[in-house]
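Residue-level structural notes
Residues per chain are reported as follows:
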Amino acid sequence: TTCWKPFALDVTPRTGSKWTGIVCMSSLFGIGRDEIAAFGDSETDREMLADAAVGIAMENATDGARAAADHVTGRADRDGIQEGMEWLLSRYATG
């Protein structure tokens, strides 16, 4: 369990992780690992940032999360997700 705000926390089983959940859901929907992008900012995000086809860390991410990512975007509270999506689409969108 990780509490990242006074009113928010992440709960995962001891043997699981965010990446484990992504792999499980993506297999249910027939989505390949090469189609997965992940955004994160904490140490609990390192695995998914490293193992996704594209890992995008937030500007305010921990050093470990930033090192695991392929790209660093702005802060989540300052349109960083939008900036990251625009970067992602500019590099990988087809058609």
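In the block above lies the structure referred to throughout.
Being a predicted model, the structure only gives us computed values, none of them experimental.

So, about helix 4 (residues 80–92). Every α-helix carries 3.6 residues per turn, so stepping three or four residues along brings you back to the same face. The end-to-end C-alpha distance of helix 4 is 18 Å, a good match for the 18 Å that 13 residues give at a rise of 1.5 Å each. All of the buried residues along helix 4 are G80, G84, W87 and L88. The arc enclosing the buried residues of helix 4, seen along the axis, measures out at 100 degrees, which places them on a common side. The inward-facing, buried residues of helix 4 abut strand 3 (37–40), strand 4 (54–57) and strand 5 (71–72).

On to the pairing of strand 4. Of the two faces of strand 4, both are covered, the one formed by V54 and I56 as well as the one formed by G55 and A57. For strand 3 and strand 4, the ladder comprises 4 bridges, and the chain directions are parallel. Bridge pairing links F39 to I56 in strand 4. Looking at chain direction, strand 4 and strand 5 are connected through 2 bridges and run parallel. Opposite A57, over in strand 5, you have V72 as the bridge partner. In this view, the connection linking strand 4 to its parallel neighbour strand 5 by way of helix 3 (residues 63–68) has right-handed handedness.

Here the focus is the side chain of S17. Relative to the helices and strands, S17 resides in the loop between strand 2 (8–10) and helix 1 (18–28). For S17, a relative accessible area of 19% puts it in the buried group. A polar side-chain atom of S17 sits 3.0 Å from a polar atom in the side chain of T20. Discounting residues that sit within four places of it in the chain, S17 has contacts with T12 and E47.

A word on helix 1. Looking at where helix 1 begins, the residue whose side-chain oxygen comes 3.3 Å from the main-chain nitrogen of W19 is S17. Just downstream of helix 1, G30 is the residue with a positive phi angle, here 70 degrees.

Right, let's get into the sheet that holds strand 3. Read across the sheet, 3 strands follow the order 3-4-5 without closing on themselves; strand pairing throughout is parallel. At either margin of the open sheet sits one strand with a lone partner, and together these are strand 3 and strand 5. Packing of helix 4 onto the sheet brings it into contact with strand 3, strand 4 and strand 5, and relative to strand 4 it is tilted by some 150 degrees.

Calculation notes
- Residues numbered from 1 in each chain as written.
- Predicted model: local features only at pLDDT ≥ 70, side-chain atom pairs only at ≥ 80, totals over all residues.
- Heavy atoms only, no water.
- Helix = DSSP H or I, 4+ residues; strand = E, 2+ residues; numbered from the N terminus.
- Expected span 1.5 Å × (residues − 1).
- Buried < 20%, exposed > 50% of the residue type's maximum accessible area, 1.4 Å probe, protein only.
- Arc of directions from axis to C-beta.
- Contact = heavy atoms within 4.5 Å.
- Pairing = 2+ DSSP bridges.
- Right-handed = clockwise from strand over helix to strand, strands pointing away.
- Polar contact = N/O pair within 3.5 Å; in protein donor to acceptor, adjacent residues only side chain to side chain.
- Axes fitted to C-alpha atoms, helices over the stretch in contact; angles between N-to-C directions.

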